[in-house]
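Fold and geometry: a report
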Amino acid sequence: MAKRPPDEPESPRGTAGPDGDKERRKRSRRRVPDKRKLIARDPRGFYSMNETCEITSLSRSQITRMVERGTFPEYRLLTDDPNGRKGFRVFEVLKWLADRV
């Protein structure tokens, strides 16, 4: 840590503003979905990529590689736009998980 001059107080969080007040930086927290709620979801629905990563404990790149190889269920386009939102069918992901055990 860089040394500060003796007249400048050390602030552990944020920086001292012109008034001397500390501005606190808001920490961003990644929202992690509860696995029990994800697994209990309606089997006719879809999981997003983030939810699929959370349930399977695999990374996005690993899932993408497995889809390309044909060893993981393919994602479905949820909109007419080819660059639009994609999702994995819940029952296909859960079946894949059950077959792995």
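Attention in this report is confined to the structure presented alongside it.

The helix and strand inventory of the protein stands at four helices and five strands. Relative to its full complement of 101 residues, the protein shows a buried share of 25%. Surface exposure of the protein reaches about 8,700 Å², of which carbon and sulfur atoms provide 48%.

A general tendency of soluble globular proteins is for nonpolar side chains to be buried together. Of all hydrophobic cores here, the largest spans twelve residues; its members are Tyr47, Met49, Cys53, Ile55, Ile63, Met66, Val67, Phe72, Phe88, Val90, Val93 and Trp96. Looking at this core, the elements with two or more residues in it are α2 (49–56), α3 (60–69) and α4 (90–100).

Looking now at the sheet that holds strand β4 (residues 76–77). In space, the three strands of this open sheet follow the order β3-β5-β4, with antiparallel pairing throughout. At either margin of the open sheet sits one strand with a lone partner, and together these are β3 (46–47) and β4. Sheet topology note: the β4/strand β5 (residues 86–89) ladder contains two bridges and is antiparallel. Bridge pairing links Leu77 to Lys86 in β5.

Taken as a whole, this structure holds two salt bridges when the rule is applied. Glu92 is the partner of Arg76 in a salt bridge, and the nearest nitrogen-oxygen pair spans 2.9 Å. Within this pair, whereas Arg76 is found in strand β4, its partner Glu92 is found in helix α4, the two being separated by 16 residues in sequence. Across the pair Lys95 and Asp99 runs a salt bridge whose closest N-O atoms are separated by 3.2 Å. A residue pair is termed a helical-turn pair when its members lie 3 or 4 positions apart in one helix, as Lys95 and Asp99 do in helix α4 at four residues. Pair check on accessibility: Lys95 and Asp99 agree, each one exposed.

Where β3 and β5 come together, two bridges link them in antiparallel fashion. Residue pairing for β5: Tyr47 is matched across the bridge by Phe88.

Quick notes on the rules
Residues numbered from 1 in each chain as written. Predicted model: local features only at pLDDT ≥ 70, side-chain atom pairs only at ≥ 80, totals over all residues. Heavy atoms only, no water. Helix = DSSP H or I, 4+ residues; strand = E, 2+ residues; numbered from the N terminus. Buried < 20%, exposed > 50% of the residue type's maximum accessible area, 1.4 Å probe, protein only. Areas by Shrake-Rupley, 256 points an atom, 1.4 Å probe, with all protein chains shown as cover. Core = buried A, V, L, I, M, F, W, Y, C linked by side-chain atoms within 4.5 Å. Pairing = 2+ DSSP bridges. Salt bridge = Lys/Arg side-chain N within 4 Å of Asp/Glu carboxyl O.

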